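Descriptive structure summary
Chain by chain, the residues:
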Amino acid sequence: MALQECGLNLNNVSKELRPHGTIEFPCAGYSSCYTEGTQDVIPWHWHEEIEVIYIKQGQMRLKTSASSFTLNKGDLAVINSNILHYASAVSECTLHSLVFSPTLITGNSDSAFAKKYVHPLLSCNSFSGYQIDSTDNAMVSDWFIQAFEALINENYGFEFTIRENLSRICFYLYRKFEPQIDIKSSSLNQDNIRIRKMLDYIHKNFADNISLMEISDTADISERECLRCFKKILQISPIQYLLKYRVMQGAEMLLANPSGSISEIATHCGFDSPSNFAKMFKRFYNCTPREYRKINIK
């Protein structure tokens, strides 16, 4: 089972659409290199699978809806199912990751593995993302590396090796969060639901002149609560997010339509003038739209 090419395919609520692995074996491996450039940022997104990340070289900043980590060479982190997350390299970074469905471990929802361990872990409000403690790093790293190398090499029975080692990681996490699993707290889940609704609205209407009130209304909350929710989950204001999303959409349009008018692209992205588009674009990408297109289209 070869490594898959990394790249996000998101729907209008930032859910990743691409399948990770196959129906028969729902697990995929990725090896990716990133720079600190805006084009290499891994945008806010979520997927139903669990993700285990291992930093092969360099350093990466990883954010979830509740936590923020700085991962160095040799560090691991695990992202829970259905949790919004974002990452960016510090200078340069090479990461390996395994993204897998919980059913790879549980088999089915009625199994003891599902009922006693995996489902309680996935439902734990304290577990959005977790950086592996340094005292356990070598042990868990070894499990990850065994699973990752088995996926690459596809030796006889490699599926068993992968499932065995990912099961070990899941049980390790269960033991870490076991004291908190029965603690009831809905605030994190509520904030995630609100953010998804508001992102959905922004992604559908980014080209329009939308306001903070319109964004907050989609989640039936006040403007003040909207600001708090964005700051808590995404560490950015709604309007700043909208602006960044417009610029990123503009970058995609520049490459998707090499002969397209920059003025028209600016309008399609919601900017009131090409000059304002160019100004904001340079702030994020350190070059003009024209320069960006020239650099990235060979």
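Note that this is a predicted model, so its numbers are computed, not measured.

1. Overview of the overall build of the chain
On a plain count of helices and strands, the chain comes out with eleven helices and seven strands. Over its C-alpha atoms the chain spans a radius of gyration of 20 Å, differing by no more than 12% from the 19 Å that the globule rule assigns to 298 residues. Judged by the C-alpha coordinates and their principal axes, the chain covers about 60 × 45 × 35 Å. Residues classed as buried in the chain amount to 51% of the 298 residues present. Looking at the chain alone, contacts between residues at least 24 apart form 72% of all its contacts between residues at least 6 apart. Total accessible area on the chain is roughly 14,900 Å²; 50% of this is exposed by carbon and sulfur atoms. With 30 positive and 32 negative side-chain charges, the chain shows a separation of 5 Å between the mean positions of the two kinds.

2. Here's the deal with the packing of aromatic side chains
For the coordinates displayed, the defined rule picks out 17 aromatic pairs. Relative to Y245, the ring of Y241 has its centre 6.2 Å away and its plane inclined at 15 degrees; by these criteria the two rings are stacked. Taken together, the residues span about one helical turn, with Y241 and Y245 both in helix 8 (residues 238–256) at a distance of four residues. In terms of burial, Y241 and Y245 fall into one category: buried. Put simply, the rings of F271, F277, F281, Y285 and Y292 pair up and form one aromatic cluster. Between the NZ or CZ atom of R196 and the centre of the ring of W46, over which it lies, the distance is 3.9 Å.

3. Considering the pairing of strand 6 (residues 85–100)
In terms of burial, strand 6 is a largely internal element, 13 of the 16 residues being buried. Relative to strand 6, strand 1 (residues 27–35) is paired through nine bridges, and the arrangement is antiparallel. Across the sheet, S31 pairs through a bridge with H96, a residue of strand 6. Bridge analysis of strand 2 (residues 42–45) against strand 6 gives two bridges, and the strand direction is antiparallel. Bridge assignment links I42 to a residue of strand 6, and that residue is A87.

Procedures and definitions
Residues numbered from 1 in each chain as written. Predicted model: local features only at pLDDT ≥ 70, side-chain atom pairs only at ≥ 80, totals over all residues. Heavy atoms only, no water. Helix = DSSP H or I, 4+ residues; strand = E, 2+ residues; numbered from the N terminus. Rg over C-alpha atoms; globule rule 2.2 N^0.38 Å. Buried < 20%, exposed > 50% of the residue type's maximum accessible area, 1.4 Å probe, protein only. Contact = heavy atoms within 4.5 Å. Areas by Shrake-Rupley, 256 points an atom, 1.4 Å probe, with all protein chains shown as cover. Lys, Arg positive; Asp, Glu negative; His and termini not counted. Charge placed at Lys NZ, Arg CZ, Asp CG, Glu CD. Phe/Tyr/Trp six-rings, centres within 6.5 Å; stacked < 30°, edge-to-face > 60°. Lys NZ or Arg CZ within 6 Å of the ring centre and 35° of its normal. Pairing = 2+ DSSP bridges.

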